[in-house]
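Okay, here's what each chain looks like letter by letter:
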2 protein chains.
Amino acid sequence: MSITDLQFNIDRDSKTPMWLQIRNELFNCLYRDELRPGQLIPNEKTLVDLFRVSIGTVRKAVGALEKEGFLIRKQGLGTFVFQHDKSTFHFAYFHFALNGTDEISYPEVEFISFETKKATKYEAKILNIPAGSNVYEIFNKLGINKKNYIVDKIIISQAKFPTLTEEIFINRTNTIYNLYQNKFNIFITNCSEKLKAMSADKTVSALLNIKLDSPILRIERIGQTYHNETIELRTSFVHTNDIDYVNTQNSTFGDTF
Amino acid sequence: MSITDLQFNIDRDSKTPMWLQIRNELFNCLYRDELRPGQLIPNEKTLVDLFRVSIGTVRKAVGALEKEGFLIRKQGLGTFVFQHDKSTFHFAYFHFALNGTDEISYPEVEFISFETKKATKYEAKILNIPAGSNVYEIFNKLGINKKNYIVDKIIISQAKFPTLTEEIFINRTNTIYNLYQNKFNIFITNCSEKLKAMSADKTVSALLNIKLDSPILRIERIGQTYHNETIELRTSFVHTNDIDYVNTQNSTFGDTF
DNA sequence: CAGTGGTCTAGACCACCCT
DNA sequence: GGGTGGTCTAGACCACTGG
């Protein structure tokens, strides 16, 4: 079953523009897993024939999905479904720069621990799983230039990663999101972060080698799929004496009208 | 002197696409202040004649500037230069949501003080002015639902706002960026924020009615113009027990390829 | 109503990539 | 060379806005 065998319903009399209908049909192929991360999608001419529209309309639809981050066009090669990879990790989810610089460094990651435990009430609510379900709790330390500034706690539902083990996690050769994508067929498409200032507790202060009750930045990051299903709760505890969380934006970041 | 009197240089043999050349020519009109915030730009047909290209090419150029946030297209009305206004303030520069919600509330602003002082070394470096120059130091309190969570300290160069007074600042009827734009012809186009966790000092803890040394979030926001001239250093001190700094992003936020 | 931007067509030609 | 996406044309018609 290839995408070119599918039937698409484009209503030429609809109030919804055809390019948007095509965009939505293509998005549904992603949503329903008919187009998978890294896969080459049909070329523009094929889409023109499939949808019986002109090339400009196809290009507008594909362009929308590219702008949204779901497709990647490569001239001379074709159009591909976005996938998580080392080359896409960097800017997408890491926001820290050494004091006085604006350069986002690539962090060094050091594994600390991998445990199975019962979800807390809060974790169960966020992950939308029954209270007391099994979850994996994974700790990592992240650093820049051999100095550790960040402790990361990852909480994911065991039910969604039934075969995950400490060994598989440690021996991955790519990013964590790449592991979710390639080994568990779970694709994180959007993240939301909430930041607070807090005091370092015993665990965190020991791991970061700072005083108990030092002020730290706590980041709760929620990772979701195409279906807006919450997959991962990642809490970062950051000692910000030497680094900053950086957020750059232009004049109309977000919808303003 | 209207924009339609200007001569534009489009090189049809250049390696740079024509739509990008047109985008750059239009951007230069903004940069050189020939098109001003809120102004209606020439309609598409006029641009077609000015640049001697087809409508699709003009639309691609204008679309790029719209995506970048510099122009706003309104069907039936025309295309306008972006301007700072109450309706654009909300999502662009305020990132806080009450605990447990994702809704960015509109903050209440309360004036505290307006002083003239000498710039510190750091302030002078950031604002690119001589050390010891005069700056205005303005304090505000920001709150949500009648509770204050944020102290804002604004530092701007007196030389760039020579006629600004406490009275003018207080009696403005719109946002601060709107005041810069309309009364001082200074247009902030991009902001960069750096966040750290710190301990509240005497001033901040008193203003926010929290204990000395409570952990707070400190945000340094730098506001720049089209010319990448730094205009404003705004430092926010935030008590985050009841609110979160929220940052949402999709899978390819930032350039990843 | 006239004027604006939004959608859509049916191509042509170019730049890029792999073999 | 053959296939891909990128640019560009020269229109037509539609949807929305304000007077």
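Here the structure is shown first, and the text comes after it.
These lines cover the structure that appears in this document, whether it is placed above or below.

Scoring rules and cut-offs
- Residues numbered from 1 in each chain as written.
- Chains lettered and ligands numbered in written order.
- Predicted model: local features only at pLDDT ≥ 70, side-chain atom pairs only at ≥ 80, totals over all residues.
- Heavy atoms only, no water.
- Helix = DSSP H or I, 4+ residues; strand = E, 2+ residues; numbered from the N terminus.
- Buried < 20%, exposed > 50% of the residue type's maximum accessible area, 1.4 Å probe, protein only.
- Contact = heavy atoms within 4.5 Å.
- Areas by Shrake-Rupley, 256 points an atom, 1.4 Å probe, with all protein chains shown as cover.
- Lys, Arg positive; Asp, Glu negative; His and termini not counted.
- Charge placed at Lys NZ, Arg CZ, Asp CG, Glu CD.
- Arc of directions from axis to C-beta.
- Polar contact = N/O pair within 3.5 Å; in protein donor to acceptor, adjacent residues only side chain to side chain.
- Axes fitted to C-alpha atoms, helices over the stretch in contact; angles between N-to-C directions.
- Parallel < 35°, antiparallel > 145°, perpendicular 65-115°, else oblique.
- Left-handed = near helix turned anticlockwise from the far one by under 90°.
- Nonpolar A, V, L, I, M, F, W, Y, C, P; charged D, E, K, R; others polar.
- Core = buried A, V, L, I, M, F, W, Y, C linked by side-chain atoms within 4.5 Å.
- Buried area = accessible area lost by both parts, 1.4 Å probe.
- Salt bridge = Lys/Arg side-chain N within 4 Å of Asp/Glu carboxyl O.
- Near = heavy atom within 4 Å.

1. Side note on the overall build of chain A
A count of helical and extended segments in chain A gives 8 helices and 10 strands. Expressed as lengths along the three principal axes of its C-alpha atoms, the size of chain A is roughly 65 × 40 × 35 Å. Evaluated residue by residue, chain A yields a buried proportion of 52% over its 257 residues. Contacts spanning at least 24 positions in sequence make up 58% of the contacts within chain A whose residues lie at least 6 apart. Carbon and sulfur atoms make up 49% of the accessible area of chain A, which totals about 12,700 Å². In chain A, which carries 31 positive and 30 negative side-chain charges, the distance between the mean positions of the two groups comes to 2 Å.

2. Description of helix H2 (residues 44–51) of chain B
Residues and elements named next belong to chain B. Taken together, the buried positions of H2 are occupied by Leu 47, Val 48 and Phe 51. In an axial view of H2, the angular spread of the buried residues amounts to 105°, which keeps them on one side of the axis. The elements touched by buried residues of H2 are helix H1 (18–31) and helix H3 (55–68). The N-cap residue of H2 is Asn 43: its side-chain oxygen and the backbone nitrogen of Lys 45 are 3.1 Å apart. Immediately downstream of H2, the backbone of Arg 52 shows phi near 55°, a positive value.

3. Focus: the packing of helix H1 (residues 18–31) of chain A against helix H3 (residues 55–67) of chain A
Residues and elements named next belong to chain A. Look at H1 against H3: their axes get within 8 Å of each other, and the N-to-C directions meet at 50°. With respect to each other, H1 and H3 are oriented oblique. Seen from above, H1 lies across H3 with right-handed handedness. Along the contact surface, H1 presents Met 18, Trp 19, Ile 22, Arg 23, Leu 26 and Phe 27, while H3 presents Thr 57, Lys 60, Ala 61, Val 62, Ala 64 and Leu 65. Of the residues belonging to the contact of H1 with H3, the class tally is 9 nonpolar, 1 polar and 2 charged.

4. Considerations on the nonpolar core
Residues A:Phe96, A:Leu217, B:Phe96 and B:Leu217 are the most contacted members of the largest nonpolar core, which totals 32 residues. Here A:Leu217 is in contact with A:Phe96, A:Leu195, A:Lys196, A:Ser236, A:Phe237, A:Val238, A:Thr240, A:Tyr245, B:Ala197 and B:Leu217, once residues within four sequence places are set aside. With 26 residues, the next largest nonpolar core counts B:Leu6, B:Cys29, B:Leu30 and B:Val48 among its residues.

5. Quick word on the interface of chain A and chain B
When the parts of a complex come together, some accessible area is lost, and that lost area is often taken as the interface size. Each partner contributes to the interface: chain A provides 47 residues, whereas chain B provides 47 residues. Between chain A and chain B, a total of about 4,200 Å² is buried, with carbon and sulfur atoms accounting for 50% of that surface. Across the contact surface, chain A and chain B share 4 salt bridges. The shortest N-O distance in the salt bridge between B:Asp244 and A:Lys196 comes to 3.2 Å. Inspection of the chain A/chain B interface yields 20 residue pairs in polar contact (both at pLDDT 80 or more). Those elements giving two or more residues to the side of chain A that touches chain B turn out to be helix H4 (86–93), strand S7 (190–199), strand S8 (215–224) and strand S10 (243–250) of chain A. With 10 residues, S7(A) is the largest single contributor of residues to the side of chain A that touches chain B. Classifying every residue of the side of chain A that touches chain B by side-chain character gives 18 nonpolar, 20 polar and 9 charged.

6. What to know about the protein's contact with DNA strand D
Close contacts around DNA strand D come from 22 residues, with A:Asn43, B:Met18, B:Ser54, B:Thr57 and B:Lys60 the closest. Counted by atom, the contact set of DNA strand D within 4 Å of the protein is 73% sugar and phosphate. Within the backbone of B:Ser54, an N or O atom sits 2.8 Å from a phosphate oxygen of DNA strand D. Interatomic distance of 2.6 Å between a side-chain N/O atom of B:Thr57 and a phosphate oxygen of DNA strand D. For the surface near DNA strand D, the secondary-structure elements that each account for two or more residues are strand S1 (71–74) and strand S2 (78–81) of chain A together with H1 and H3 of chain B. Ranked by residue count, the leading element in the surface near DNA strand D is H3(B), at 3 residues. By residue class, the composition of the surface near DNA strand D is 7 nonpolar, 9 polar and 6 charged.

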